[in-house]
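If you want the building blocks of each chain, they are given just below.
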Amino acid sequence: MKVKMSRWVYINVLFISLIPLPLLAATKADLDSLFLLSLEDLLKVEVSVASKSKSQTIRSAPSVISIITEQDIHQTGSKTLEELLGRVVGFDVNPIPPEPNPSVAIRGISNSTNEIIRLLINNHPIGNLFTSGLGYWEGFPVNLIQRIEIIRGPGSALYGDAAMVGVINIITKDWNDASELSASYGSFSTTNVYGSSSEQSGDFSIYSFADYHSSDGDSNLVESDLATSLFGPMGSAAPGDTTEQYQYVNLFSKIKFREFYGMMMLNYNDTQIPMSLQRSLTSDNTRNLTNFFMEFGYDAPAYYCEDMKTRFYYDYFVYDFSSALFDSKTTAFLNQTLASNFPPGETLNIDPFLKNNKFGAEITCGQPFSEGGRLVLGLQSEYQEQFDSKFVVNANVTGQVITLDGIDYAPLEYVGGMRDVTNSYNFTQNESRYLTAVYGEVDLDIIEQWSLENIGTSLTLTVGGRIDEYSDVGDKFSPRVGMVYLPSSRYFIKALAGKAFRAPNFRELYNQNNPIQNGNSDVKPELLTTIEASIGLNITEWASYFFTVYSTKVDDHIRLVDAEQGVNKFNNIGTLKEEGLEAEIKIIFPNDPNTNGYLNFTYQKSKDVSHEIITDTLGSVYTQKSYDIGNIPETMINLGINWGVTENININASLNYKSDRMRSGKLQFTSATTDPDGTLEKFDQRDPIEYRVITNISVIYHGFDFHTDSELQLTVYNVFDAEDHAPDTEVGILNDIPRWGRHFSMRGLYRF
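Residues numbered from 1 in each chain as written. Predicted model: local features only at pLDDT ≥ 70, side-chain atom pairs only at ≥ 80, totals over all residues. Heavy atoms only, no water.

Undergrad: I'd like a description of the overall build of the chain, backed by residues and values.
TA: Scanning the chain for helices and strands turns up 12 helices and 43 strands. For 752 residues, the compact-globule estimate of 2.2 N^0.38 gives 27 Å, and the C-alpha radius of gyration of the chain, at 26 Å, lies within 12% of that figure. Viewed in the frame of its principal axes, the chain has a C-alpha envelope of about 80 × 55 × 55 Å. Nonlocal contacts in the chain, meaning residues at least 24 apart in sequence, comprise 67% of its contacts between residues at least 6 apart. Of the accessible surface of the chain, which amounts to about 30300 Å², a share of 57% is contributed by carbon and sulfur atoms. (Helix = DSSP H or I, 4+ residues; strand = E, 2+ residues; numbered from the N terminus. Rg over C-alpha atoms; globule rule 2.2 N^0.38 Å. Contact = heavy atoms within 4.5 Å. Areas by Shrake-Rupley, 256 points an atom, 1.4 Å probe, with all protein chains shown as cover.)

As structure tokens, this is what we get:
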């Protein structure tokens, strides 16, 4: 039995509060490490995510930035991007059923496949036309990461599409890092094996990496699913257990010869998702994803351009899904009620398939001017294509009568086995589009320009913008302006404002023959406007603090709405508002960087202010008032402590708290569920998801006599077995989907 919340939350807090006590008495020598950073070093780390040209520090960049270092990744024992990003202030990371990929909410805004976040790998933009970066988000190997640079806030002025609420730039290891071999094993037969090789010879350098990761997953009980809601207990496999097996394969290589470079990555993902695409328990939901990209470029000064970057890139994506939408109990129920003619024991199956291509080129020029000024100009062009889409089904899933070989089939009727309906009733369309973008930005240090050193170290004004022209959805202009003031090396003050956008994907534009989710070629990009201010302070040489407030508005929000004949279509109908604050304190002991800690706090409030008009079947009309979006925790706290016990032993403990997730405040008429009498009710009447605290502990022993760069690491996740649930925003799963309980991983690492 799970320990009750009120009891284990106090156990967690007590446990974490005891960890700092040894820090006061620690007098050991520094732990040998390849990546320890002092606080001053951390604040001076140059990041490339905030500029397309010259790297900037966390303090001087005209963005609100967080960094996850290799030290953080290693010491915490994190095995997924979800675990890493969940510790970042302002981040709420959870899968949104039925997909297992982590949905990353930044400042209270998210969608299921993270299409409002620009994901980069070494500044290479990741994403496909159908589901954004699906596959990378859950299967990216954390052991490949050198650091993660994060912008919280709009980034479209530099990166265009998708950089609405944030930008995440994963910087991989390279030839300057040690070669490694590692193997780990843990709960639920979770296995990870990887190896890397670093070589340098004269002007030539190469880094190669290979990774395999698999697990049976933690099967958890789901008491009620969408089939239960639609057809009752007799028509559902619930209650029953989820299936969560997966295996990931990653191959990565990066080369450099003088000013030329190249990199490529293959990400293969074979996953049994916990439930079907219809949020119902079924026996087989296999999703195979293949992601591949390669990029080649040249970085060197050119005439009248101090920092010239030129690159050419190609991305390839394969989506191959085999999903049993409904269990045989459901099809038996359909046989009785709709005469659907399914053979005994047959499930309702669909197999959608498609491919994506993306070809692109970009050139960026950064050039200083005058005293303290810098100009950045860039041009980008892409061709994006969706092709080879196929659709195989064993039942009519279009929501309308269809005809195959001269025979009519009613909705949900069995069609005589698996039939290829690509040419007549495909689930999407093969389409393509072109993108052309130009961008520019000016940075001007007013203090340096006019020799005003008496008022501070620097006062930099940044003004920039980007125009993206799409062949299918038109053009968008994304401006940004920022002022960064450093009164001294100990303080910074930032005032920032910007706009961002997300172009509709091909699912939102071209999905078809689907009563639940149909595309709309008239959908426009959704827009975001953010105003934010941030203050940072080095309290001492070993402690820093920052505080940020923000206000965000999303216009033309893309969502599914009821259209003609009861078919749901994507449309621009929503307006969202978000406000909040973020605070974080970091402590790194100056004489022992291996002894450190952090505490961050997030408060966020997200509302839907669309004021939609809804109508009852008998003609009653109601205008929605502003309401909470729902399923977003209002308060989040992260606490982490790292303690180098001896030269050979390191202990890391972290705590992640999320407050209650209240359900959506949206209203509907009861005619949507029961009777047309003009009575209003909440769309989601489920109880809130209770607050929870998850504690992780990782212990490292390194410095063996036979090989000083070898180590063993034991990590226990969710130490107190706290209940955690992935929220179902569509209300089909009554009690949401349970997450993994307590589990462990043991890893061995050999560096050479």
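Anyway, onward from the coordinates.
Undergrad: So what about unusual backbone geometry? Which residues, and what values?
TA: With glycine set apart, most residues show a phi of negative sign, and most peptide bonds adopt trans. That bond from Ala-238 to Pro-239 is cis: its omega, 0°, falls within 30 degrees of zero. A positive phi is found at Asn-631, a non-glycine position, where the angle reads about 65°. For Asn-631, the location among the structural elements is in the loop between β34 (627–628) and β35 (635–644). Residue classification places Asn-631 among the buried positions, given a relative accessible area of 7%. With phi around 50°, Asn-718 is a residue other than glycine that occupies positive phi space. By secondary structure assignment, the location of Asn-718 is in the loop between β40 (707–717) and β41 (725–726). In this structure Asn-718 comes out as buried when scored by relative accessible area, which is 3%. (Buried < 20%, exposed > 50% of the residue type's maximum accessible area, 1.4 Å probe, protein only.)

Undergrad: Any details on the sheet that holds strand β8 (residues 145–152)? Residues and values, ideally.
TA: One open sheet accounts for five strands, arranged β3-β8-β9-β6-β7; its pairing is mixed. With partners counted over all chains shown, the strands left at the sheet margins are β3 (65–69) and β7 (124–126), one partner each. If you compare each strand with its neighbour and ignore which way they point, the axes differ by 20° on average. The sheet contact formed by β3 and β8 spans five bridges and is antiparallel. Following the sheet pairing, Ile-68 is matched in β8 by Ile-148. (Pairing = 2+ DSSP bridges. Axes fitted to C-alpha atoms, helices over the stretch in contact; angles between N-to-C directions.)

Undergrad: Can you explain the layout of surface pockets? Please cite residues and give values.
TA: The space that makes up the second largest pocket amounts to roughly 870 Å³. Lining the second largest pocket are 31 residues, with Asn-122, Asn-123, Lys-254, Asp-299 and Lys-309 positioned closest to its centre. Of all the elements in the fold, those that place two or more residues in the lining of the second largest pocket are β8, β9 (166–172), β15 (246–257), β16 (260–272), β17 (285–302), β18 (305–326) and β19 (348–369). (1 Å grid on protein atoms, 1.4 Å probe; cavity = no way out; pocket = protein on both sides within 12 Å on 5 of 7 lines; lining within 4 Å. Points joined across faces, edges and corners; volume = space filled by probe spheres on them.)

Undergrad: A description of the pairing of β15 should follow, citing residues and the corresponding values.
TA: Where strand β12 (residues 204–215) and β15 come together, 12 bridges link them in antiparallel fashion. Its bridge partner lying in β15, Ser-215 is registered against Tyr-246. The pairing of β15 with β16 spans 12 bridges and is antiparallel. When the bridges of β16 are listed, Phe-257 appears paired with Phe-260. Between β15 and the antiparallel strand that follows it, β16, lie two residues; Arg-258 among them carries a positive phi value of about 55°.

Undergrad: Describe the confidence of the model for the chain, naming the residues involved and giving the relevant values.
TA: For the chain, per-residue confidence averages 89 on the pLDDT scale, and residues scoring 70 or more make up 93% of the total. Considering only residues more than four positions removed or in separate chains, one finds that residues 1–35, a stretch of pLDDT under 50, has 64 contacts. (pLDDT = per-residue confidence, 0-100.)

Undergrad: Give a description of the state of the cysteines that names residues and reports values.
TA: A complete count under the given rule lists one disulfide for this structure. Disulfide pairing places Cys-305 opposite Cys-365 at an S-S distance of 2.2 Å. With a gap of 60 residues between them, Cys-305 in strand β18 and Cys-365 in strand β19 connect regions that are remote in the sequence. (Disulfide = S-S within 2.5 Å.)

Undergrad: Summarise the packing of aromatic side chains; cite the residues concerned and give the values.
TA: Under the definition given, this model contains 21 aromatic pairs. Ring centres 5.6 Å apart and planes at 45° place the aromatic pair Phe-231 and Phe-333 in the tilted group. Highlighted residues: Phe-231 in helix α8 (residues 226–231) and Phe-333 in helix α9 (residues 328–338), separated in sequence by 102 residues. On the accessibility criterion, Phe-231 (18% relative accessible area) is buried. Relative to Tyr-298, the ring of Phe-260 has its centre 4.7 Å away and its plane inclined at 50°; by these criteria the two rings are tilted. Here Phe-260, found in strand β16, pairs with Tyr-298, found in strand β17; they are 38 residues apart in sequence, far enough to count as distant. A relative accessible area of 31% means that Tyr-298 is categorised as partly exposed. Put simply, the rings of Phe-130, Phe-317, Tyr-319, Phe-321, Phe-391 and Phe-427 touch in pairs and so form one group of aromatic residues. Taking NZ or CZ as reference, Lys-666 lies 5.4 Å from the ring centre of Phe-683, over its face. (Phe/Tyr/Trp six-rings, centres within 6.5 Å; stacked < 30°, edge-to-face > 60°. Lys NZ or Arg CZ within 6 Å of the ring centre and 35° of its normal.)

Undergrad: Can you tell me about the nonpolar core, naming the residues and giving the values?
TA: Generally speaking, nonpolar side chains in soluble globular proteins are found buried as a group. Ranked by internal contacts, the top residues of the largest apolar core, which has 41 residues, are Leu-85, Phe-91, Phe-140, Ile-145, Ile-148 and Ile-168. Once residues within four sequence positions are removed from consideration, Phe-140 is found in contact with Leu-81, Ile-121, Gly-135, Ile-145, Ile-170, Met-265 and Asn-267. Judged by nonpolar contacts, the second largest core, of 28 residues, contains Ala-395, Leu-404, Tyr-414 and Phe-427. (Core = buried A, V, L, I, M, F, W, Y, C linked by side-chain atoms within 4.5 Å.)

Undergrad: A description of the side chain of Gln-380 should follow, citing residues and the corresponding values.
TA: If you trace the backbone, Gln-380 turns up in strand β20 (residues 373–395). Of the polar contacts made by the side chain of Gln-380, one reaches the side chain of Tyr-313; its length is 2.8 Å. Excluding its chain neighbours within four sequence positions, the residues that come into contact with Gln-380 are Tyr-313, Ala-361, Glu-362, Leu-435, Thr-436, Ala-437 and Arg-466. (Polar contact = N/O pair within 3.5 Å; in protein donor to acceptor, adjacent residues only side chain to side chain.)

Undergrad: Can you tell me about the environment of Lys-569, naming the residues and giving the values?
TA: Structurally, Lys-569 can be placed in strand β30 (residues 568–588). Residue Lys-569 is classed as partly exposed on the basis of its relative accessible area of 23%. In the structure, Lys-569 is positioned 55 residues away from Asn-514 in sequence and 9.3 Å away in space, judged by C-alpha atoms.

Undergrad: Tell me what's going on with a negative patch on the surface, and back it up with residues and numbers.
TA: Taken together, the side chains of Asp-660, Asp-687, Glu-690 and Glu-723 define an acidic patch exposed on the protein surface. Within the secondary structure layout, Asp-687 lies in the loop between β38 (680–682) and β39 (692–704). (Patch = residues over 30% accessible without salt bridge, like charges linked within 9 Å, V, L, I, M, F, W, Y side chains within 5 Å. Salt bridge = Lys/Arg side-chain N within 4 Å of Asp/Glu carboxyl O. Lys, Arg positive; Asp, Glu negative; His and termini not counted. Charge placed at Lys NZ, Arg CZ, Asp CG, Glu CD.)

Undergrad: So, the pattern of salt bridges: which residues are in play, and what are the values?
TA: Under the criterion given, the structure shown has 41 salt bridges. Residue Asp-307 pairs with Lys-309 through a salt bridge whose shortest N-O separation is 3.8 Å. Classification of Asp-307 as buried rests on a relative accessible area of 16%. Residue Lys-309 is classed as partly exposed on the basis of its relative accessible area of 28%.

Undergrad: A description of a nonpolar patch on the surface should follow, citing residues and the corresponding values.
TA: Judged by side-chain polarity, Phe-204, Ile-255, Phe-257, Phe-260 and Tyr-298 come together as a nonpolar surface patch covering roughly 440 Å² of accessible area. For Phe-260, a relative accessible area of 47% corresponds to the partly exposed category.

Undergrad: Describe the pairing of strand β11 (residues 190–201), and please don't skip the residues or the numbers.
TA: Relative to β11, strand β10 (residues 180–186) runs antiparallel, the two being bridged by seven bridges. Considered in β11, the bridge of Gly-186 is made with Thr-190. Two successive antiparallel strands, β10 and β11, enclose a turn made up of three residues, where Phe-188 displays a positive phi of approximately 60°. The loop that links β11 with its antiparallel partner β12 comprises two residues; one of these, Gly-202, has a positive phi angle of about 60°.

Undergrad: Could you give an account of the environment of Ile-446, with specific residues and numbers?
TA: Examined against the element boundaries, Ile-446 turns out to sit in helix α11 (residues 446–449). Between the alpha carbons of Ile-446 and Leu-251 there is a distance of 46 Å; along the sequence they are 195 residues apart. Not counting residues up to four positions away in its chain, the partners in contact with Ile-446 are Leu-452, Leu-459 and Met-483.

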